[in-house]
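# Fold and contact review
The chain contents come next:
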Amino acid sequence: MSEILNSVNQRTQLVGENRLELLLFKLNTKQRFGINVFKVREVLQCPPLTSMPRLNGLVRGIAHIRGQTISVIDMSLATGGKRIEDLSTAFIIIAEYNSSVQGFLVGSVERIINTNWASIMPPPKGSGRASYLTAVTEIEKELIEILDVEKILNEISPVNTDLSDDVADSLTVDNQQEKIIFIADDSSVARNQVKKALSALGLNIELAKNGLEALERLKEIAAETGDITDRVGVLVSDIEMPEMDGYTLTAEIRNTPELKKLHVILHTSLSGVFNQAMVEKVGADDFIAKFHPDELATSVQKWFGNE
C-alpha cells in the first residue's frame, strides 16, 4: 500500500498552484474522507498494536514501525462513530502534524485524487460546533469530507498556547496599538490557538476562515486607507485552506498594489524541506511550524510595523 504515495519532489509541483492531492479513505461507513497527501508519510496494513496503561480512550494502542513508536488513533471513535473492530483488515495512515508523527486507524484506504483548493469548500452552515469537518468537496458526484485533524489531536493532547514568561515580558509593539493582527486558518481550533498565543501583544485581532475570505477582507480594509499597512500590522496564515490556500493568498497579496507591503507569516502543520523554497517563491516573510507560541509571537513582533 505504501506504493500509493509518490515522491515529495513530484508532488511539490502542485504547491503554489492552488492545487492539492487527497488520499481517500473510509472509516466504518460508506462515507469517504480525504487527507492531504503532503501530511502522509506512509500507508500500511494495521500491524499488531500494544496496549498501554493510561492511554487516551481514542488511542487504540502503540505501533512499532521502522524503529519508531507511534500512537494509533481510531479516527472513527475520534469523530463520534463506532470503534473499528476488525484490525486485521484495517489500515494505518502515518501522518505528520505539528512536528509530530501519528498513526490514524481507518477502515480502508482507496486512492489519491488530484483537485483544486477552489473546489474545497467550508463545511455546510449549521453543521454545528461539534462538527469534525474542516472542509468538503465533491468528487464524481460524491461528497468527500475532510476532517479537522488539528481539533482531534487537540482533544487527545491539548496544545499549550501560553507564552513563556521571558518571551511575554519582552514583547512590545510600540506606537502600533491601533493596528491589528490578521489571522487566516480554516480550523476553528487553530484560529483560537493562534489568537490566544498572540493576545499577550495587547493588539486587536481579526480572523478569517480561509484564504479567499482573508483576501476579500484585506482588500476591503485597504480600500478605506489606500494601503493595508495603515491598518494591519501582519498576516498570520495557514497554508491548507478551502477555496484558496496560503501560498496563493500570499502571491495574490504580493501582486496587489495596495496589499503588497503587508508582512505575511505562513503558519502551518505541514512539514517538509520544500516549505522554505515555497516561502521564497510566493514572497512570504516567514514560515513558522505549528505550534510553537514563543516562536510565533516573536516572529509577529519582529514583522509588526516593520516597513
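Report follows, based on the coordinates. (Residues numbered from 1 in each chain as written. Predicted model: local features only at pLDDT ≥ 70, side-chain atom pairs only at ≥ 80, totals over all residues. Heavy atoms only, no water.)

### A short note on the packing of aromatic side chains
So the rule is basically this: Note on aromatic pairs: the rings of Phe, Tyr and Trp (six-membered ring only in Trp) are paired at centre separations within 6.5 Å, and the planes decide the class, stacked below 30 degrees, edge-to-face beyond 60, tilted for the rest. Think of it in three bands: residues with accessible area under 20% of the maximum for their type are buried, residues over 50% are exposed, and the middle band is partly exposed, with areas taken using a 1.4 Å probe on protein chains only. Lysine NZ or arginine CZ positioned within 6 Å of the ring centre and within 35 degrees of the ring normal marks a charge as sitting over the ring.
What the rule picks out here adds up to two aromatic pairs. Consider the rings of Phe-25 and Phe-33, whose centres lie 5.8 Å apart with planes at 20°: the pair is stacked. Of the two residues examined, Phe-25 and Phe-33, each falls in the buried class. We note Lys-151 situated over the ring of Tyr-132; from NZ or CZ to the ring centre the distance is 4.5 Å.

### Quick notes on the packing of helix α6 (residues 211-225) against helix α7 (residues 246-254)
The condition that has to hold: Here an axis means a line fitted to C-alpha atoms, over the contact stretch when the element is a helix, while the angle between two N-to-C directions is reported on a 0 to 180 degree scale. Segments assigned H or I by DSSP are reported as helices when at least four residues long, segments assigned E as strands when at least two residues long, and all are numbered from the N terminus. The labels follow the angle: roughly parallel below 35 degrees, roughly antiparallel above 145, roughly perpendicular from 65 to 115, and oblique for the rest. We call a crossing left-handed when the near helix sits turned anticlockwise from the far one by less than a right angle, and right-handed when that turn is clockwise. We call two residues contacting when some pair of their heavy atoms lies within 4.5 Å. Throughout, the ten residues Ala, Val, Leu, Ile, Met, Phe, Trp, Tyr, Cys and Pro are labelled nonpolar, Asp, Glu, Lys and Arg are labelled charged, and all others, Gly among them, are labelled polar.
Look at α6 against α7: their axes get within 9 Å of each other, and the N-to-C directions meet at 20°. In terms of their interaxial angle, α6 and α7 are classed as roughly parallel. With respect to the hand of their crossing, α6 and α7 are arranged in right-handed fashion. Together, Gly-211, Ala-214, Leu-215 and Leu-218 of α6 and Leu-249, Glu-252 and Ile-253 of α7 make up the contact between the two elements. Across the contact of α6 with α7, the residue classes break down as five nonpolar, one polar and one charged.

### Some remarks on the pairing of strand β6 (residues 91-97)
Note the following rule: One bridge is not enough; two strands pair if DSSP finds at least two bridges between them.
Across the seven residues of β6, seven count as buried, placing the element largely inside the fold. Side-chain alternation along β6 places Phe-91, Ile-93, Ala-95 and Tyr-97 on one buried face and Ile-92, Ile-94 and Glu-96 on a second face that is also buried. For strand β3 (residues 40-45) and β6, the ladder comprises five bridges, and the chain directions are antiparallel. Bridging from a neighbouring strand, Val-43 pairs with Ile-93 of β6. Bridge analysis of β6 against strand β7 (residues 100-106) gives seven bridges, and the strand direction is antiparallel. Across the sheet, the residue bridging to Ile-94 is Gly-103, located in β7. In textbook terms, the turn of a hairpin is the stretch between consecutive antiparallel strands, and for β6 and β7 this stretch comprises two residues, one of which, Asn-98, has a positive phi near 50°.

### Remarks on helix α3 (residues 149-156)
Of all eight residues that make up α3, six are buried, and the element is covered over most of its length. Listed as buried for α3 are Val-149, Glu-150, Lys-151, Ile-152, Leu-153 and Ile-156.

### Some remarks on the pairing of β7
A large share of β7 lies buried, amounting to six of its seven residues. Pairing geometry for strand β5 (residues 68-74) and β7, over three bridges, is parallel. Along β7, the bridge assignment pairs Val-72 with Gly-103.

### What about the packing of α3 against helix α5 (residues 188-198)?
As a packed pair, α3 and α5 sit with axes 7 Å apart at the nearest point and diverge in direction by 65°. Between α3 and α5, the interaxial angle falls into the category roughly perpendicular. Between α3 and α5, the contacting residues are Glu-150, Lys-151 and Asn-154 on the first element and Val-189, Ala-190 and Gln-193 on the second.

### With respect to the environment of Leu-24
Relative to the elements of secondary structure, Leu-24 occurs in strand β1 (residues 19-26). The buried category is assigned to Leu-24, whose relative accessible area is 1%. Taking the C-alpha atoms as reference, Leu-24 lies 7.5 Å from Ile-113; in sequence the two are 89 residues apart. Leu-24 has contacts with Arg-32, Phe-33, Gly-34, Val-109, Glu-110, Arg-111, Ile-113 and Ile-144, leaving out every residue within four places of it along the chain.

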